[in-house]
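Residue-level listing of the chains:
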Amino acid sequence: MHEYVTAGNKLPERFVLMRHDVDNWAKNALKTASVEEEYGIRATYYFRTHKKAFVPDIIQEIEKMGHEVGYHYEALSTAKGDYEKAIKLFEDDVQKFREICNIKTVCMHGAVLSKYDNRDLWKSYNLRDFGILGEAYLSAGKNLNYFTDTGRGWNSKNNMRDFIPGKTEKFSAERTDDLIKLVDSCEINNFYISLHPDRWKSNIANWSIFWLYDFVLNTGKKIVMAVRQ
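This section reports on the structure supplied with the text. It should be emphasised that the depicted structure is a prediction, and the values quoted were computed from it without experimental measurement. (Residues numbered from 1 in each chain as written. Predicted model: local features only at pLDDT ≥ 70, side-chain atom pairs only at ≥ 80, totals over all residues. Heavy atoms only, no water.)

## A look at the overall build of the chain
The cut-off we apply is this: Counting from the N terminus, the helices are the DSSP runs of H or I reaching at least four residues and the strands are the DSSP runs of E reaching at least two. For every residue, the accessible area obtained with a 1.4 Å probe (protein chains only) is divided by the maximum for its type, and the residue is called buried under 20%, exposed over 50%, and partly exposed between those limits. In this analysis, two residues are considered to be in contact whenever any of their non-hydrogen atoms come within 4.5 Å of each other. In short, Shrake-Rupley with a 1.4 Å probe defines the accessible areas, and a residue's cover is counted only from the protein chains shown.
For the chain, the helix and strand inventory stands at seven helices and seven strands. With 229 residues in all, the chain has 48% of them scored as buried. For the chain, restricting intrachain contacts to residue pairs at least 6 apart in sequence, the fraction spanning at least 24 positions comes to 75%. Approximately 12,500 Å² of the chain is accessible, and the part contributed by carbon and sulfur atoms is 53%.

## A word on the sheet that holds strand β3 (residues 68-73)
The condition is simple: Note on pairing: two strands pair once DSSP finds at least 2 bridges between them.
Here seven strands make up an open sheet; going across it, the order is β5-β4-β3-β2-β1-β7-β6 and the pairing parallel. The outermost strands of the open sheet, each flanked by one partner alone, are β5 (134-135) and β6 (146-148). As judged from the three bridges shared by β6 and strand β7 (residues 190-195), these two strands associate in the parallel manner. Within the sheet, the bridge partner assigned to Thr 148 lies in β7 and is Ser 194.

## Description of the pairing of strand β2 (residues 44-47)
Burial along β2 is two-sided: the residues Thr 44 and Tyr 46 and Tyr 45 and Phe 47 are all buried. Where β2 and β3 come together, four bridges link them in parallel fashion. Note that in β3 the partner of Thr 44 across the bridge is Glu 68.

## Focus: the packing of helix α2 (residues 26-38) against helix α3 (residues 56-64)
Where we set the bar: Angles run from 0 to 180 degrees between N-to-C directions of axes, and those axes are lines fitted to C-alpha atoms, restricted for helices to the stretch in contact. In this scheme, roughly parallel covers angles under 35 degrees and roughly antiparallel covers those over 145, while 65 to 115 is roughly perpendicular and the rest are oblique. For a crossing to be left-handed, the near helix must be turned anticlockwise from the far one by less than a right angle; the clockwise case is right-handed. All amino acids are sorted into three groups, where Ala, Val, Leu, Ile, Met, Phe, Trp, Tyr, Cys and Pro are nonpolar, Asp, Glu, Lys and Arg are charged, and the leftover types, Gly among them, are polar.
The interhelical angle for the contact between α2 and α3, taken along N-to-C directions, is 15°, at an axis separation of 10 Å. Comparing their axes, α3 and α2 come out roughly parallel. Crossing handedness for the pair α2 and α3: left-handed. Each of Ala 26, Lys 27, Ala 29, Leu 30 and Ala 33 in α2 lies in contact with α3, whose residues at this interface are Ile 58, Glu 61 and Ile 62. Grouping the constituent residues of the contact of α2 with α3 by class yields six nonpolar, no polar and two charged.

## Examining the nonpolar core
For the record, the criterion: Side-chain atoms within 4.5 Å link the members of a nonpolar core, which is a set of buried Ala, Val, Leu, Ile, Met, Phe, Trp, Tyr and Cys residues.
In terms of nonpolar packing, the biggest core is built from 58 residues, with Tyr 45, Phe 47, Ile 62, Phe 90 and Tyr 192 touching the most fellow members. Ranked by the residues each element gives to this core, the list is headed by helix α5 (residues 83-98), at five residues. Setting aside residues up to four positions removed in sequence, Ile 62 forms contacts with Ala 29, Leu 30, Ala 33, Tyr 45, Phe 47, His 67 and Val 69.

## Quick look at the pattern of salt bridges
Formally: Every case where a carboxyl oxygen of Asp or Glu lies within 4 Å of a side-chain nitrogen of Lys or Arg is listed as a salt bridge.
Evaluated as defined, the whole model comprises seven salt bridges. In this structure, Asp 93 and Lys 96 form a salt bridge, with 3.8 Å as the shortest nitrogen-oxygen distance. With Asp 93 and Lys 96 both in helix α5 and three residues apart, this pair spans about one turn of that helix. The partly exposed category is assigned to Lys 96, whose relative accessible area is 32%.

## As for the packing of aromatic side chains
Selection criterion: Centres within 6.5 Å make a pair out of two Phe, Tyr or Trp rings, where for Trp the six-membered ring is used; the pair is then stacked when the planes are under 30 degrees apart, edge-to-face when over 60, and tilted otherwise. In this scheme, the term charge over a ring applies when either NZ of a lysine or CZ of an arginine sits within 6 Å of the ring centre and within 35 degrees of the ring normal.
As enumerated under the stated definition, the model contains 13 aromatic pairs in all. Between the aromatic rings of Tyr 71 and Phe 90, the centroid separation amounts to 5.5 Å while the plane-to-plane angle is 35°, which identifies the pairing as tilted. Placement of the pair is Tyr 71 in strand β3 and Phe 90 in helix α5, with a sequence separation of 19 residues. Classification of Tyr 71 as buried rests on a relative accessible area of 2%. Using a relative accessible area of 0% as the deciding quantity, one classes Phe 90 as buried. Judged by centre distance (4.8 Å) and plane angle (70°), the ring pair of Tyr 146 and Tyr 192 falls under edge-to-face. Residue Tyr 146 is located in strand β6, and its partner Tyr 192 is located in strand β7; the two are separated by 46 residues in the primary sequence. Exposure remark for Tyr 146: the relative accessible area of 4% places this residue in the buried category. Its relative accessible area of 0% is what places Tyr 192 among the buried residues. Among the aromatic residues, those joined into a cluster by ring pairs are Phe 54, Tyr 71, Tyr 73, Phe 90, Phe 97, Trp 122 and Phe 130. Over the ring of Tyr 137 we find Arg 119, and its NZ or CZ is 4.8 Å from the ring centre. Lying over the aromatic face of Phe 163, Arg 119 brings its terminal NZ or CZ to 5.1 Å of the ring centre.

## Some thoughts on a negative patch on the surface
Note the following rule: Here a patch means residues that are over 30% exposed by relative accessible area and free of salt bridges, tied together within 9 Å if like-charged and within 5 Å if nonpolar (Val, Leu, Ile, Met, Phe, Trp, Tyr). For the charge count, each Lys or Arg is scored as positive and each Asp or Glu as negative, with His and the chain ends excluded. The atom standing in for a charge is NZ when the residue is Lys, CZ when it is Arg, CG when it is Asp and CD when it is Glu.
A cluster of like negative charges, contributed by Glu 37, Glu 38, Asp 57 and Glu 61, occupies part of the molecular surface. Listed by contribution, the elements that provide at least two residues to the negative patch are α2 and α3. As for its placement among the helices and strands, Glu 37 is situated in helix α2.

As structure tokens, then:
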């Protein structure tokens, strides 16, 4: 992400911006990062700060592979809308990351059960005051073609906050095979792909467990969206 943010007009003609949101299991992120390293892929990994996601040894190992690492922040929802408390939480967590790695960009965590959008924090504060170069949503240009596995589908209707604000996507891909075909077609010159390592499993048992988790979560999202409407 930081390469994209600082590239300006020097972006290649075709590129993929790959992002991973590490919500719960740092070990899953390590497996994904290892596969990407094997294929010469560099991605950005955003870690939440709770115990199972914020594992310093794993974060440092992923960074040593050549991937960017950053902070998957949720300060405003954690602070229940208290902006002063939220910005202090954000500052403290950024310092926690800087003690173990080089952090240049951040990415908000959706926190779907909260009524607060963590991106709103930057309506009152400036990221650069904390030495942060960019935010994974707010610094993404409107020309990017965004695809995310949130809601268990690349264009899921169960996606509440995982999108580039103010942008309507022109291209769609329901299944991963559809996304691969879109890449192969050369119809699009850039892809911004957001994935969650927790969601990608290597055996049927773990896949089934997470499918059930997603089913329950998506059902909850539909209820929340209906209530808010």
